Structures are given as C-alpha cells and as structure tokens.
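# Geometric and topological summary
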Amino acid sequence: MKSKRKTPESLIIRPPSEHRSLLVRLTRGCRWNRCKFCGLYPHLGEPVFSRRTVAEVTHDIDLLRERGARSDTIFFGDADPLQIGLDEFIEIARYLRTVLPVRRLTSYARISTLWKLKKDAIKDLAAAGLNRVHIGLESGDDGTLNFHRKGQSPKMVIDTTAWLKEAGIEVSFYVLLGLGGRDNWHNHIMETARVINETKPDFVRIRRLWLYRSDTFFEGPENPLFKEIRAGTFTPQTPEGTVLELRLLLEELDSNLSTMLVCDHQNNYVHVAGVIKDDRQDMLAAIDEFLSLTEEEREKHYQTVGSGI
Ligand code: SF4
C-alpha cells in the first residue's frame, strides 16, 4: 500500500560527517540493542525495532525529490538498515539512484550483519550503489567487545572489512575511548590499534564513552553501563585517561596508513584530525601541547567539554 506521508520520516541519529546529506530511514531503532555502553535508541525514544516497507521508503525518496533536494550524498539509518533485508536494501538503493543524482550513498552497518551476508552479498550491495559504511568498531579487544555485548569479534571485523574493501565500499570505523574503563584501557587501545593496522580502514572516527542519565537530555532509560558501575564491574576512565588513550592509539598505528583519523564529535576532549601517514606527528604534538597545560587548566577544560550525541 502506498504511504500517505507528506514529509519523509526522520532518522534518530546521523553522523556529523553526513550533516549535508539527505537522510533516508529504512529501519527504526536498533534490532540488536544489547551493547552495554549504548542504549541510545531507547534513551532517545525509539525502544522498539521495526522495519519500514520498501513502498514507505521509496515514497520518502519521492518526497525528497519533489522538494528539490539538492544534496548528492545520501545517508541510510537507523542503527543497522540492512536489517530491512538484503533484497529490500538493494531495491531501495537502486531506486534512489534512478530518481536522484547520487555521488555517495552511505549507511550505518553492524559488522555481524555484514559478516553473515558474506562476500558475494557485499559485492551486490556495492553494485547497487552503496559507497561507504559507518561501522561501530568501538574496540579491537575481544574482552572489551564481549564485556559490552557488542556481538562481534576482531576476526569478524577483519574478515568483513576485507570483503568491503574488495567490493570497493569505503570503511569508516568508530572507536570509543574509555570503553575498557580504567582497568582494561591498555588492552582496549593496543588491540584497537592492531585491528586498525590490519584492516586499514578509510576513516577512523574517535568518540568518547558517554555516560548519560535518564534526565540528561531525554527521559528514556539511563546508559546500561551504570548497572556495571554500581556493581563495581566497570570503573569509568578519567578524562585525562581518555586523552592518553588517544595518544597511545596514535603512537601504535602504522606510520604508512592512509587512514584519515578525525575527532569529529563535540564530546572529544582533544580534537585532532589528519591522515596517519602524513599527520601523525602533528596530531601527537597537538595532544602533547594540551598535556603541557597546567593541571588546573586541563581540569577546567575537561569541565567545559559537554557530552551529547
Ligand atoms: S552500539 Fe549500535 S548495535 Fe549496539 S546497541 Fe547501540 S545502536 Fe545498537
């Protein structure tokens, strides 16, 4: 049945790098919804996962076209749009490319979903016009991923990234500083560097673990990690600890990587950006300059950096 909507349905979250893109919603919320560090979709008012129909999504695309949408970059959400189904995703991507001039089609994607699809289906996605995926690597450390119930292993990340690159789809990883807490931060960073060195993603986007309460901005549930904190099974990293994590990560990345690393989120305490093989020393110098401030100045800075999505 044809959708009667007069405006396209909105996404809950989009990456900052997609701020100029047309946003197309294929699914609502997160089907997995188990990562202990996240809980974002329930917090932001979308506790239940659901799929939209192809007719609903293509109707939204028609609305974007009728409104004279100007961007030639498109972003698919919510958390894992491939949950709509491979055939449905491909049908929507193809339709999009027939009715709009698309230079880049980007989607959020979970490693485990892509890993289950395997190499040939990923090639089909590329053939349908998917150019880039934003993936939550979060950590390359198996223990950290297991603790947080991310539902992926470093091996799955390595295999899947190779299939994506072979298909010509750009890979953008999110890395979450603080995810190992104070007890496991070193493993978290060392193993994350190892996975990045092995997979050579196109982008690494740095985030800091955000511990929100139910009344921070929205009335949805608090961050699930608070249960672990109260139980004494997770000790949050200090602000300075997250800066040192970023420094160690940069030190451990291979000097020949063409990966672009960016801290493109307001909740980072230090914002550095550059291509690892060209700009690593400058990024390390910027971090060291920050660390050379007095303790009082650094603390003041940590207090002023807000957190949000
Ligand atoms: S991190 Fe991603 S996969 Fe995990 S619960 Fe959040 S949205 Fe879902």
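For the structure itself, look to the data block above.
Before going into details, it helps to say that this report is about the structure given with it. (Residues numbered from 1 in each chain as written. Predicted model: local features only at pLDDT ≥ 70, side-chain atom pairs only at ≥ 80, totals over all residues. Heavy atoms only, no water.)

Moving on: helix α6 (residues 154–167). Between its first and last C-alpha, α6 extends 20 Å over 14 residues, near the 20 Å set by a 1.5 Å rise per residue. Among all positions in α6, only P154, M156, V157, I158, T160, T161, W163, L164 and A167 are buried. Lining the buried residues of α6 we find α4 (111–127), β6 (132–138), α5 (142–147), β7 (170–177) and α7 (185–199). Directly beyond the C-terminal end of α6, a positive phi value near 85° is found at G168. (Helix = DSSP H or I, 4+ residues; strand = E, 2+ residues; numbered from the N terminus. Expected span 1.5 Å × (residues − 1). Buried < 20%, exposed > 50% of the residue type's maximum accessible area, 1.4 Å probe, protein only. Contact = heavy atoms within 4.5 Å.)

Before going further, it helps to examine the site of the ligand. Around the ligand sit C30, W32, N33, R34, C35, F37, C38, Y41, A79, R110 and K150, and that is every residue in its neighbourhood. Split into classes, the residues belonging to the shell around the ligand amount to seven nonpolar, one polar and three charged. (Near = heavy atom within 4 Å. Nonpolar A, V, L, I, M, F, W, Y, C, P; charged D, E, K, R; others polar.)

What follows concerns the packing of aromatic side chains. Scanning all chains against the criterion turns up six aromatic pairs. On the basis of an interplanar angle of 80° and a centroid distance of 5.3 Å, the ring pair of F76 and F89 is categorised as edge-to-face. A residue pair is termed long-range when its members are at least 10 positions apart, and F76 in strand β4 (residues 73–77) and F89 in helix α3 (residues 86–99) qualify at 13 residues. A single burial state applies to F76 and to F89, both of which are buried. The residue whose ring lies beneath K36 is F147, and the NZ or CZ to ring-centre distance is 4.4 Å. Cation over ring: R213 sits above F226, and NZ or CZ is 3.8 Å from the ring centre. (Phe/Tyr/Trp six-rings, centres within 6.5 Å; stacked < 30°, edge-to-face > 60°. Lys NZ or Arg CZ within 6 Å of the ring centre and 35° of its normal.)

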